[in-house]
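Inside the fold
Residues per chain are reported as follows:
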Amino acid sequence: MAPISLSDVISALPSSDSWGPATSTETTLNGVPYAPYSKGDKLGRMADWTAEGKDGRDGRGGRQGYNRSFRDQQVYGAGTSSLFAVQLAEDESTFSVVSNTRDSTKTRFGRGGTFTRGRGARGGRGDTRGGRGQFQRVGGRGGQQGAYNQYDGRGGRGGARGGRRFGWKDYDKPQRNRDASVNIKSDWKMLEEIDFNRLAKLNLDTDDGEDIDSYGFLYYYDRSFDKQPVKSAERKLNVVDRAAYNVTTSSDPVIQELAEKDEATIFATDSILSMLMCSPRSVYPWDIVIVRQGNKVFLDKRDNATLDMVTVNENAADAPMDASEGSKDAINQPSALAEEATYINHNFANQTMLENENQKVEMPHENPFYNPSEETEPAASKAYKYRRFDLSLNDEDPVHLIVRTEIDAVQKNAISGEDQFLTVKALNEFDHKAQGAGGALDWRTKLVGQRGAVVATEMKNNSCKLARWTVQSIMAKVDVMKLGFVSRANPKSNDRHVILGVVGWKPRDFAQQMNLSLSNGWGIVRTIADMCLKREEGKYVLVKDPNKQILRLYEVPAGSFDEDEDVGIEEVGEEDDE
């Protein structure tokens, strides 16, 4: 039989009667079929080799790692993916990998588990009917008290009644958009951009520093504040008007005199320097003005800068929200809380002093900023110690830093009777049930019995603020750092406060508890100073990005901030004329 060619077979086929689906013009383009799609589909991938088979497993024998329904919403042509599904043969679909190794995965229950009941879910939301809850780590103390008779007030039934873990669906939370602390102008030139990961790796060991000179005087601390207050007679926070100063570096007459004598290369105040050393912990925006004059670097701040304000719950997982972010509680917004905390710190430090002119410690020199003829208020108990630190990398290129440190009070050692220098600070509680409280415990009920838990929560929510206070105390070489716990008399009012207790710590022990490294801070200071010393003389601004963990160094024209100050003076003059 003669072979039949392919062309003969094709020609022998009937032209009209054909088998198979009819060709539709709706699903063809120039004769080429294509799958129908919607313009709203998201283009994800051209081919999906991870599509599940009929037994619900992927090609590697393991179940899909994430929700199929959620993924398919994001895949191009998801609605018609079944058109291209390949039916596996029976022998292939039943294939599985056999392993003789024991499965070491254990189900975690109880404290710290992924799902717990009863006392285990202390971080849950106690009252599911009461608005937005506090997001806590699983196993963490401090769940919000609710209406469900919680065990020991810690959110014991939060997990069993719809509580949610910290971090669950956090991708769905809106991004915080904060404004920068200073307006970046068009004529500013960006020189460097440093992320916090690089800063955290810096390290420079230095000595404990040496005293150059001391100014001012100190009153003795009132030890009665260390006693536990009686509930029936809470001690109120009083307004104590005393003249306190926060003069920037270049305006300090003592630092100007030391700079003329070439005593150091870098000059700063403890407030500015602590912000720079603790910058990897910061969340809110801030800025530092750096002036390079000759071979010297001055770290300055602007008038009414954010550095002067005491932040509240800056490092909390759910920090206080601003009005632009939907907060309707005016007194619990970040700016209002910062003003309240600054007011509390000023008055608390003055109230805890025993103002006796016959019993006070005089420094060798008087307060350089206080002028009795001009001031109507008496000077506050404050001593300024100018101390020098060696930041040299080698003997050939010496680099020294002079910082103006502050000491608040003095007390007698209970054993030796010697004078001990103190710094006095205050932590404040606004409303432990409000948004932004960060899962804080109720100080009135927990401060006595669970002081460690209260302090640990504050270390978490106010990491940057406490780190700055600790660094300032260590640089001043004080013996004890006193921390007061001040709360509102009424959570709905921010003008009356009560003092609930005072606790003292040795600064270096407190730094160890916070995992605070001073050598890392000195490395940051030396790195920023070297960046400016490599440049020409002029004015620079170091700005913390308001929404990212990044520092940016800008070169600014001379007199940039002087113009802003002149404008402010002119506006005040016009108001006076009116």
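Presented here is an overview of the structure given in this document. (Residues numbered from 1 in each chain as written. Predicted model: local features only at pLDDT ≥ 70, side-chain atom pairs only at ≥ 80, totals over all residues. Heavy atoms only, no water.)

Let us look at the pattern of salt bridges. Inspection of every chain in the model, using the stated rule, returns 22 salt bridges. A salt bridge links D211 to K385; its shortest N-O distance comes to 3.6 Å. One end of the pair, D211, is in strand 4 (residues 210–221); the other, K385, is in strand 11 (residues 382–390), and 174 residues separate them in sequence. Taking the relative accessible area as the measure of exposure, D211 reaches 44% and is therefore partly exposed. By relative accessible area, which is 10% here, K385 ends up buried. (Salt bridge = Lys/Arg side-chain N within 4 Å of Asp/Glu carboxyl O. Helix = DSSP H or I, 4+ residues; strand = E, 2+ residues; numbered from the N terminus. Buried < 20%, exposed > 50% of the residue type's maximum accessible area, 1.4 Å probe, protein only.)

The next point concerns the pairing of strand 16 (residues 497–505). Remember that side chains alternate between the two faces of the sheet whenever the strand is regular. Strand 16 sits mainly inside the fold: 8 of its 9 residues count as buried. Pairing of strand 5 (residues 235–236) with strand 16, which is carried by 2 bridges, proceeds in the antiparallel orientation. Bridge assignment links K236 to a residue of strand 16, and that residue is V498. Relative to strand 16, strand 15 (residues 480–488) is paired through 8 bridges, and the arrangement is antiparallel. Looking across to strand 16, one finds that F485 is bridged to G501. (Pairing = 2+ DSSP bridges.)

Here we come to unusual backbone geometry. Although it is not a glycine, N313 sits at a positive phi angle of roughly 50°. Tracing the chain through its elements places N313 in the loop between strand 8 (296–300) and helix 7 (334–351). The buried category is assigned to N313, whose relative accessible area is 5%. Even without glycine at this site, N515 takes up a positive phi of about 60°. With respect to the secondary-structure elements, N515 resides in the loop between helix 11 (507–513) and helix 12 (518–533). When its relative accessible area of 66% is taken as the criterion, N515 is described as exposed.

Here the focus is the packing of aromatic side chains. Tallying each qualifying case throughout the model produces 9 aromatic pairs. Summarising the aromatic geometry, the rings of W505 and F510 are spaced 5.1 Å apart at their centres and angled 50° between planes, so their arrangement reads as tilted. As far as burial versus exposure is concerned, W505 and F510 are alike and both buried. An aromatic cluster of at least three residues, connected via ring pairs, comprises Y245, F369 and Y384. (Phe/Tyr/Trp six-rings, centres within 6.5 Å; stacked < 30°, edge-to-face > 60°.)

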